[in-house]
Amino acid sequence: MSSVLNFNAGPAPLPPSVLAEAQGELLDYHGQGMSILEMSHRVPEYEAINARAEANFKRLLGVGDGYRVVFMQGGASGQFATVPMNFLKPGSTAEYLVTGTWGEKAVEDAELIGNAHVAASTKAEGYRRVPTSGEIKLGEGPSAYVHLTSNETIQGVQYRDFPDVGDRPLVGDMSSDILSRPIDASKFSMIYAGAQKNLGPAGVTVVLIRESWLETANKKLPAMLRYSTHVKNNSLYNTPPTFSVYLLDLFLTWIDTEGGLLEISARNDRKAAIIYDAIDRSGGFYRGHAEAGSRSKMNATFNLPSADLEKKFVAEAKAEGMVGLAGHRSVGGARASLYNAIGVDACQVLANFMGHFMAKNG
Ligand SMILES: *Cc1c(COP(=O)(O)O)cnc(C)c1O
């Protein structure tokens, strides 16, 4: 069990009980006489893990028939290219709502594949909020899809409600807030997420896709790049990242044993409130990056009065056992990532530290 409070932006903490369970069955998985790490992905034991993870993910997200889930590799970054390769066809435009660094990267890849259009961007103000519905300018012609980033991990900007895009397929990069709260997933034709922030370890990317949309995908792509290949083969077309899927499965089961998504979501609300209260009660010593209505409950981004104090804050927090609090190297400042496996108590410890640090340095 980790002896530090880990506020890393990803990879991120796993529930101690999940790590202990994996440790307990690491050498001999369910009496098979070998580790899950050594097992074929074509045996019933692994197929059961794979099928259970798919079913539990769909149930927790609240979708049923008409959607499929596949476990892919290449990270969420791989999806930036795979989405347009499959769905951005000549004569249509992919619309991107850009609220931070990850959305920028997604649109850059789409531009290499076809016609991509930034339908809204809050870059001019330094990515402090999501766009209002009036600011979203979707093109006139046929749109291939509308892509958004539900939570921008680096800037700490999150949608509360998702924009209405009519009958255009909506695609969401939910890498840093997947299954952190209930959402209406039926608004989306695709949701993808690297698992290493809210759901498990690095190495597996979860992709939810509406089957009727999948039927429209480009068929002239190499097998590994077609979503249909992975769907048809139940994520077992080639060797999957078996250990990562196994840990993902344990993580999803953990969500249920903790009381389900509503309980996790309520905890996440409390955790974010504790940290933002510490920011808001600091009289301007801590300054939140995002505007109040777009504040991320997963990544609280903030600044201190100077870069020197920010450095000192991160170093002293580390000395007290709180790690991962530096802002992303591209933006600086401080960032506390409050993903699913971080406890309310850890946030309280951090908020207390913030108070003491301000008293000494304010
Ligand atoms: C971390 C992150 C990514 C990149 O994920 P990789 O798995 O490292 O490719 C993409 N989008 C968002 C929103 C992220 O938080």
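Look up: the structure comes first, before these words.
Remember, predicted model here, so these are calculated numbers, not experimental data. Note on numbering: residues in each chain are counted from 1, in written sequence order. In keeping with the model being predicted, local features are shown solely for residues with a pLDDT of at least 70 and side-chain atom pairs are shown and tallied solely at 80 or more, while totals for entire chains, interfaces and linings include all residues. The side-chain numbers reported here are obtained from all heavy atoms of the structure, hydrogens and water having been left aside.

1. Comments concerning the sheet that holds strand β11 (residues 287-288)
Here comes step 1: The criterion for strand pairing is that DSSP finds at least two bridges linking the strands in question. By definition, any uninterrupted DSSP run of H or I lasting at least four residues is a helix, any uninterrupted run of E lasting at least two residues is a strand, and each is numbered from the N terminus. If you walk across this open sheet you meet the 3 strands as β11-β12-β14, and the pairing is antiparallel. With one partner strand each, in any of the chains shown, β11 and β14 (334-337) form the two edges of the open sheet.
Here comes step 2: Pairing of β11 with strand β12 (residues 299-303), which is carried by 2 bridges, proceeds in the antiparallel orientation. Within β12, the residue paired with Gly288 across the bridge is Phe302.
Here comes step 3: Every residue pair with non-hydrogen atoms within 4.5 Å of one another is taken to be in contact. Each axis is a line fitted through C-alpha atoms, and for a helix only the stretch in contact is used; angles between axes span 0 to 180 degrees, taken between their N-to-C directions. Packing of helix α8 (residues 261-280) onto the sheet brings it into contact with β11 and β12, and relative to β12 it is tilted by some 15°.

2. Concerning the site of the ligand
Here comes step 1: Residues are classed as near a molecule or strand on a simple rule: at least one heavy atom within 4 Å of it. Around the ligand, a shell composed of 13 residues is seen, among which Ser77, Thr153, Asp173, Gln196 and Lys197 lie nearest.
Here comes step 2: Within the contact set of the ligand, an oxygen atom lies 3.1 Å away from a backbone nitrogen or oxygen of Ala76.
Here comes step 3: A 3.5 Å cut-off defines polar contacts: any pair of N or O atoms within that distance qualifies, except that in protein one atom must be a possible hydrogen donor and the other a possible acceptor, and neighbouring residues in sequence count only when both atoms are side-chain atoms. Within the side chain of Ser77, one N or O atom sits 2.6 Å away from an oxygen atom of the ligand.
Here comes step 4: Examining the composition of the shell around the ligand, we find that 4 residues originate from one element, helix α3 (residues 75-87), more than from any other.
Here comes step 5: Taken together, the residues that form the shell around the ligand break down as 3 nonpolar, 8 polar and 2 charged. By the convention adopted, Pro, Cys, Tyr, Trp, Phe, Met, Ile, Leu, Val and Ala count as nonpolar, Lys, Arg, Asp and Glu as charged, and the other residues, Gly among them, as polar.

3. Observations regarding empty space enclosed by the protein
Here comes step 1: In this analysis a 1.4 Å probe is tested at points of a 1 Å grid over the protein atoms alone, and where it fits but cannot get out there is a cavity; an open set with protein on both sides within 12 Å along at least five of seven lines is a pocket; lining residues have an atom within 4 Å of a point. Grid points are joined across faces, edges and corners, and a volume is the space filled by probe spheres set on the points. Taken as a whole, this structure holds 1 cavity of 30 Å³ or more when the rule is applied.
Here comes step 2: Roughly 40 Å³ of internal volume is contained in the largest cavity.
Here comes step 3: Considering the residues around the largest cavity, the lining is formed by Leu61, Phe162, Met174, Asp177, Ile178, Leu179, Arg181 and Ile183.
Here comes step 4: Of the residues that constitute the lining of the largest cavity, the class distribution is 6 nonpolar, no polar and 2 charged.

4. Some points on the side chain of Thr229
Here comes step 1: In this structure, Thr229 sits in helix α6 (residues 227-232).
Here comes step 2: We classify Thr229 as buried; its relative accessible area is 5%.
Here comes step 3: Setting aside chain neighbours within four positions, we find Thr229 in contact with Ala223 and Tyr237. Each residue's exposure class comes from its accessible area (1.4 Å probe, protein chains only) as a fraction of the maximum for that residue type: buried when under 20%, exposed when over 50%, partly exposed otherwise.

5. Focus on the packing of aromatic side chains
Here comes step 1: When the centres of two rings from Phe, Tyr and Trp lie within 6.5 Å, Trp using its six-membered ring, the rings pair. Their planes under 30 degrees apart give stacked, over 60 give edge-to-face, and anything left gives tilted. Within the structure shown, the criterion is met by 19 aromatic pairs.
Here comes step 2: Each ring, one from Phe243 and one from Tyr246, has its centre 5.5 Å from the other, and the planes form 40°; the classification is tilted. With Phe243 and Tyr246 both in helix α7 (residues 242-257) and 3 residues apart, this pair spans about one turn of that helix.
Here comes step 3: Look at Tyr246 and you get buried, because its relative accessible area is 1%.

6. What to know about the layout of surface pockets
Here comes step 1: In this structure, the largest pocket encloses a volume near 470 Å³.
Here comes step 2: As for the largest pocket, its lining consists of 21 residues, and the residues nearest its centre are Pro13, Pro16, Ala341, Ile342 and Gly343.
Here comes step 3: Of all elements in the fold, only β1 (5-6), α1 (16-24) and α10 (344-361) reach the threshold of two or more residues within the lining of the largest pocket.
Here comes step 4: It is α10 that contributes the most residues to the lining of the largest pocket, 3 residues altogether.
Here comes step 5: Residue classes in the lining of the largest pocket are distributed as 13 nonpolar, 5 polar and 3 charged.
Here comes step 6: For the second largest pocket, the calculated volume is near 210 Å³.
Here comes step 7: Together, 15 residues line the second largest pocket, and Arg160, Arg181, Pro182, Ile183 and Lys297 are the ones closest to its centre.
Here comes step 8: For the lining of the second largest pocket, the leading source of residues is α8, giving 3 residues.
Here comes step 9: Of the residues contributing to the lining of the second largest pocket, the split by class is 4 nonpolar, 4 polar and 7 charged.

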